[in-house]
Amino acid sequence: MSDFTPNEMMTIAASRALTSTDVCFVGIGAPSAACNVARLTHAPDITLIYESGTIGTAPDVLPLSIGDGELCDTALTTVSVPEMFRYWLQGGRITIGFLGAAQLDKYGNINTTVIGDYHKPKTRLPGGGGAPEIATSSQQVYITMAQSKRGMVEKIDFYTSFGHGDGGDHRKRLGIDTKGPTLLITDLAIWKPDPETKEFTVVSMHPGVTREMVQETCGWQVKFADKVEETPAPTELELKTLRDLKARTDAAHKGN
Amino acid sequence: MARFMPLEQAVRENLKHGDTVAFEGFTHLIPTAAVHEAIRQGFMDLTLVRMTPDLIYDQMVGMGMAKKLVFSYVGNPGVGLLRRVRDSVENGWPRGVEIEEHSHAAMANAYEAGAAGLPLAVLRGYRGAGLAEVNPNIKSITCPFTGEKLAAVPAVRPDVTFIHAQKADKKGNVLIEGIIGIQKEAALAAKRAVVTVEEVVDDFSDAHPNLCILPHWTITAIAEVPGGAHPSYTHGYYARDNAAYLEWDQIAADRERFRLWMEEHVMKAKPEDFAARVEKLRVAK
């Protein structure tokens, strides 16, 4: 086994959570890489959907934006944006909404809107885009992000998209009948919500990662499952697939 | 009834100070040339509507043209933040801008409602979302049949919508293909619709019967501007200039560098300059 970076491990661990029968609404960035590695390895029949309206897309390089021409060229079909959000997302056709996050709390609530007060922000971030409804209309939600104390916080500044709220049955109380965040994949670990409290709990750590490393890069007191597994290291095929994809992508985005 | 005219005239005749205007395009077919013309003509106090205000809205906000932004994602897609918008929101430079922020689902529904002549859009949305608390235009409505509480937002009805498309025929019918985004709804929701096109062809007689076509009687003015979407792309004509999106992050980071860039590439430029900008991005037809 060759060496791999924590980010590569994160993307590959995230890719393994997807199957050929999934219909996945893909967020840009880390989710996009994971979804395409899955498609190119163990889940060739996965349906990847980007919010620009492309259904069943199979890009050769990762898109820089959610609307790159590559997505449309390789899609089964391309629909309008209102149709995408009304029929396909709101209609309940999406099995997995795959999101990244700028700020995340232990209940899977995500902030990509502002740091600081909404009306007088310290940092104005791009905002939610499709995320508020992806988080509530997808059958379940996977989240992937690299760990940092700035990113994984006790309290987020703004609820861009709702995870499990204050935990427990908060979703149900709001009349949301989808599962919400069921999986968090970071560069150090795999987390799943506690069945009762819905707090993200570490169930697997990547090779070489210690509990201290997970805690030092997380802004809340980390809970570990009774039995914490070790995430299998990337296989040669997974690593090669990811690296080739990144190399093709870098070359394409530089205009070469 | 669509009239063909130079872009300078199309913008001058259809945009007014204080208008609510949508320059739409969902990463694809962004009407950059039309925006640059609006910047040159110095329109002010605009309410700028767009799902994904990217570089062109960064430019208009940086030039002080915007009174208000109505949007659902204010970023440079795949790159990061919009630095001129940030400077306006965080520091009031060159002026503060009022914000009405939605989700994509709500904006898409709101344009569709506008096109459908309805006063509001109804969706299963914003559940648990913070935007519902900070945007007074997000309200709720109870389904009279099931009792379900749903989100309601006002329809978007721009004074004028600008879009870019592949081609018009000689009568002024407009064809859009690829990622069609929200352009059809945005054009039909508006009082006036202005379209820039890559080319004008004789007719669409050999086209597939289900293509996205805006009939000539839904359009106010058409200007032929090859390359007019750059650095966005036009499916079948030229590719997205991803390097330009990456470069914009640097340009917009600094007020003076931004000003110089705008002077050289917008204020001193003409619609005809766009064709050369996409020359190296052309795709085989």
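Under the annotation held in an unreviewed UniProt entry, chain B carries the name Coenzyme A transferase and is attributed to Chelativorans sp..

Chain A is annotated in an unreviewed UniProt entry as Coenzyme A transferase of Chelativorans sp..

> I would appreciate a short explanation of helix 8 (residues 236-253) of chain A in the present structure.
Along an α-helix, residues three or four positions apart point the same way, because every turn accommodates 3.6 residues. Taking 1.5 Å of rise per residue, 18 residues should cover 26 Å, and helix 8 of chain A covers 26 Å from first to last C-alpha, within 8% of that figure. If you check which residues of helix 8 of chain A are buried, you get Glu238(A), Leu239(A), Thr241(A), Leu242(A), Leu245(A), Thr249(A) and His253(A). Along the axis of helix 8 of chain A, the buried positions cluster into a sector of 165°, meaning they face one direction only. Opposite the buried face of helix 8 of chain A, at more than 90 degrees from it, the exposed residues are Leu237(A) and Lys240(A). Taken together, the buried residues of helix 8 of chain A touch helix 1 (6-16) and helix 2 (30-40) of chain A together with helix 8 (242-251) of chain B.

> Explanation requested: the sheet that holds strand 8 (residues 120-123) of chain B in the structure shown.
Within a beta sheet, neighbouring strands are joined by backbone hydrogen bonds and run either parallel or antiparallel to one another. Residue and element names in this part refer to chain B. Taken together, the three strands give an open sheet; going across it, the order is 8-10-9, and neighbouring strands pair in antiparallel fashion. Edge positions in the sheet fall to strand 8 and strand 9 (139-142), since each has one partner strand and no second. The mean angle between the axes of side-by-side strands here comes to 40°, regardless of whether they run parallel or antiparallel. Docked against the sheet, helix 5 (residues 104-115) engages strand 8 and strand 10 (149-154), running at close to 140° with respect to strand 8.

> Honestly, unusual backbone geometry in this entry has me stumped. Any pointers?
In this structure, the amide linkage connecting Trp93(B) to the following residue, Pro94(B), adopts the cis form with an omega of -5°. Looking at where Pro94(B) falls in the secondary structure, it is placed in the loop between helix 4 (83-91) and strand 7 (98-101). With omega at 10°, the peptide bond leading from His230(B) into Pro231(B) counts as cis. For Pro231(B), the location among the structural elements is in the loop between strand 15 (221-224) and helix 8. A positive phi angle, close to 70°, is found at Lys198(A), a residue other than glycine. Of note, Lys198(A) is situated in the loop between strand 12 (189-193) and strand 13 (200-205). The backbone of Thr27(B) shows a phi angle near 60°, a positive value even though the residue is not glycine. Looking at the element boundaries, Thr27(B) is found in the loop between strand 2 (20-23) and helix 2 (32-40).

> Sorry if this is basic, but what is going on with the domain arrangement of chain B here?
Residue and element names in this part refer to chain B. Domain annotation of chain B identifies domain 1 (3-101 + 157-277) and domain 2 (104-154). Distance between the C-alpha centres of domain 1 and domain 2: 26 Å. Of the roughly 1200 Å² buried where domain 1 meets domain 2, counting both sides, 68% is carbon and sulfur surface. When the buried area of domain 1 at its contact with domain 2 is split by residue, Met51, Glu100 and Glu101 rank highest and sum to 37% of it. Linking domain 1 to domain 2 there are zero salt bridges.

> How should helix 2 of chain A be read in this particular structure?
Residues and elements named next belong to chain A. The buried fraction of helix 2 is high, at nine of 11 residues. Along helix 2, the residues classified as buried are Pro31, Ser32, Ala33, Ala34, Cys35, Asn36, Val37, Ala38 and Arg39. Buried residues in helix 2 make contact with helix 1, strand 1 (23-26), strand 2 (47-50), strand 5 (96-99), strand 10 (140-144) and helix 8.

> What's the story with the packing of helix 3 (residues 55-62) of chain B against helix 9 (residues 255-267) of chain B in this structure? I'm lost.
Each pair of packed helices gets described by two things: the angle between the helix axes and the distance between those axes. Residue and element names in this part refer to chain B. Direction vectors running N to C along helix 3 and helix 9 enclose 105°, while the axes themselves pass 11 Å from each other. When the interaxial angle is binned, helix 3 and helix 9 end up roughly perpendicular. Only Phe258, Trp261 and Met262 of helix 9 make contact with helix 3, whose side of the interface consists of Asp58, Gln59 and Gly62. Here the contact of helix 3 with helix 9 is composed, by residue class, of three nonpolar, two polar and one charged.

Basis of the calculations
Per chain, residues are indexed from 1 in the order of the written sequence. Written order determines the labels here, with chains lettered from A and ligands numbered from 1. Predicted model: local features are reported for residues with pLDDT of at least 70 only, side-chain atom pairs are reported and counted for 80 or more only, and whole-chain, interface and lining totals are derived from all residues. Calculated side-chain values reflect all of the structure's heavy atoms, with hydrogen atoms and water omitted. By definition, any uninterrupted DSSP run of H or I lasting at least four residues is a helix, any uninterrupted run of E lasting at least two residues is a strand, and each is numbered from the N terminus. Every helix has an expected span of 1.5 Å times one less than the residues it contains. Burial status follows relative accessibility: with a 1.4 Å probe on protein chains alone, a residue under 20% of its type maximum counts as buried, one over 50% as exposed, and anything between as partly exposed. Note that the arc is computed from the directions linking the helix axis to the C-beta atoms. Residue contacts are counted whenever heavy atoms from the two residues lie within 4.5 Å of one another. Strand pairing is defined by DSSP finding a minimum of two bridges between the two strands. Axis definition: a line fit to C-alpha positions, over the contact stretch in the case of helices; interaxial angles, taken between N-to-C directions, run 0 to 180 degrees. Domain extents, as shown, originate in an automatic or database domain assignment. Joining two parts hides part of their accessible area as seen by a 1.4 Å probe, and the buried area is that hidden amount summed over both. One side-chain nitrogen of Lys or Arg within 4 Å of one carboxyl oxygen of Asp or Glu is enough to make a salt bridge. Convention used here: angles under 35 degrees read as roughly parallel, angles over 145 as roughly antiparallel, angles from 65 to 115 as roughly perpendicular, and any remaining angle as oblique. Residues are grouped as follows: Ala, Val, Leu, Ile, Met, Phe, Trp, Tyr, Cys and Pro are nonpolar; Asp, Glu, Lys and Arg are charged; every other residue, Gly included, is polar.

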